[in-house]
Structure formats: structure tokens, C-alpha cells
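A structural walkthrough
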Amino acid sequence: QVQLVESGGGLVQAGDSLRLSCVSSGRAFSAYAMGWFRQAPGREREFVAAVNWNGGRTYYADSVKGRFTISRENAKNTVTLRMNSLKHEETGVYYCAADVTFGVVTTIDEYDYWGQGTQVTVSS
């Protein structure tokens, strides 16, 4: 069983930066692909970024390319999402997810484990 706990959310102004972290309590963290998703009020959950098991491959939604960076530190069972130049429309709950695979996973249905989410509010 894998438990994921996100942190780092908060209230920021448009244009600000924020760093989200996700810590896994499960074993073999390095065997999981990790991803970040977000869900705005009244909207479906959407893909943001993903990283493969060793951090060597990453993938981003077009809307965040060049502004967001996903990384992982397997020794600390942690995956991080660095978000720069945040926009008001990026307000929502950000979720960390894990999939038991070595590749990069961008599809929400493929993820096996989810955290409870952390709220990010970007004021305009």
C-alpha cells in the first residue's frame, strides 16, 4: 500500500512561484512513475506533469511547459512540482499520484494511488 501526502499549497498572487511536495510512505518508491494533476472548481481533474521512475524522463501539459518543473528524489521518497509564473486560472486542488510502472504516465486512469491534494489559490 502506498500513501501519498502533498504539501506546499497556499495563496499566492498571479506571477508568483510555489513549490509543491509529495512524500510517499510506501516501499520501493523508485519503482513508481509519479504525476501531478489538478482540479479546478467545477472542472474535471487534469494532467499537469509526470516523471518516470528515476527522474530521467518528464512530461508536461502544454499549458505549463516552460513554467513548471517536476523532479523526484528517490532517497527521500519525494516528488516535487516547482511552479513559476502562476496564473489565476491555475487555482485548484493539486494531487500527487503514483503508478506502478517505470515509464512516464500521463493518463489519469492509469494511476494506482492518489494523495488527498493540496489547495493552490492564485489571486488575480
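Figured I'd write up the structure that's included with this text. Fair warning: this is a prediction, and the values are worked out from it, not measured in the lab.

1. Overview of the side chain of Asn52
Within the secondary structure, Asn52 is located in the loop between strand 5 (46-51) and strand 6 (58-60). Here the side chain of Asn52 touches Gly56 through a polar contact of 2.9 Å, landing on its backbone nitrogen. A polar side-chain atom of Asn52 sits 2.9 Å from the main-chain amide nitrogen of Arg57. Residue contacts for Asn52: discarding those within four places in its chain leaves Tyr32, Arg57, Arg72, Phe102, Gly103 and Val104.

2. With respect to the state of the cysteines
Overall, the coordinates contain 1 disulfide when judged by the stated rule. In this model, Cys22 is linked to Cys96 through a disulfide, with the two sulfur atoms separated by 2.1 Å. Handedness here is read from the sign of the S-S torsion; for Cys22 and Cys96, about -75 degrees, the answer is left-handed. Placement of the pair is Cys22 in strand 3 (residues 18-24) and Cys96 in strand 9 (residues 92-99), with a sequence separation of 74 residues. For the residue pair Cys22 and Cys96, the accessibility class agrees, reading buried in each case.

3. Brief notes about the nonpolar core
Counting 34 residues, the largest nonpolar core has Met34, Trp36, Val79, Leu81 and Met83 as the members making the most contacts within it. Breaking this core down by element, the ones donating at least two residues are strand 3, strand 4 (33-39), strand 5, strand 7 (68-73), strand 8 (78-83), strand 9 and strand 11 (118-123). A per-element tally of this core places strand 5 first, with 5 residues. In contact with Val79, not counting residues within four places along its chain, are Leu20, Ser21, Cys22, Phe29, Met34, Trp36, Val51, Ile70, Ser71, Arg72 and Cys96.

4. As for the pattern of salt bridges
Summed over all chains, the structure comprises 5 salt bridges. For Glu46, the salt bridge goes to Arg38, with nearest N and O atoms at 2.7 Å. Judged by its relative accessible area of 8%, Arg38 falls in the buried class. Because the salt bridges share partners, they merge into one network encompassing Arg38, Glu46, Arg67 and Glu90.

Reading the values: rules and limits
- Residues numbered from 1 in each chain as written.
- Predicted model: local features only at pLDDT ≥ 70, side-chain atom pairs only at ≥ 80, totals over all residues.
- Heavy atoms only, no water.
- Helix = DSSP H or I, 4+ residues; strand = E, 2+ residues; numbered from the N terminus.
- Polar contact = N/O pair within 3.5 Å; in protein donor to acceptor, adjacent residues only side chain to side chain.
- Contact = heavy atoms within 4.5 Å.
- Disulfide = S-S within 2.5 Å.
- Buried < 20%, exposed > 50% of the residue type's maximum accessible area, 1.4 Å probe, protein only.
- Core = buried A, V, L, I, M, F, W, Y, C linked by side-chain atoms within 4.5 Å.
- Salt bridge = Lys/Arg side-chain N within 4 Å of Asp/Glu carboxyl O.

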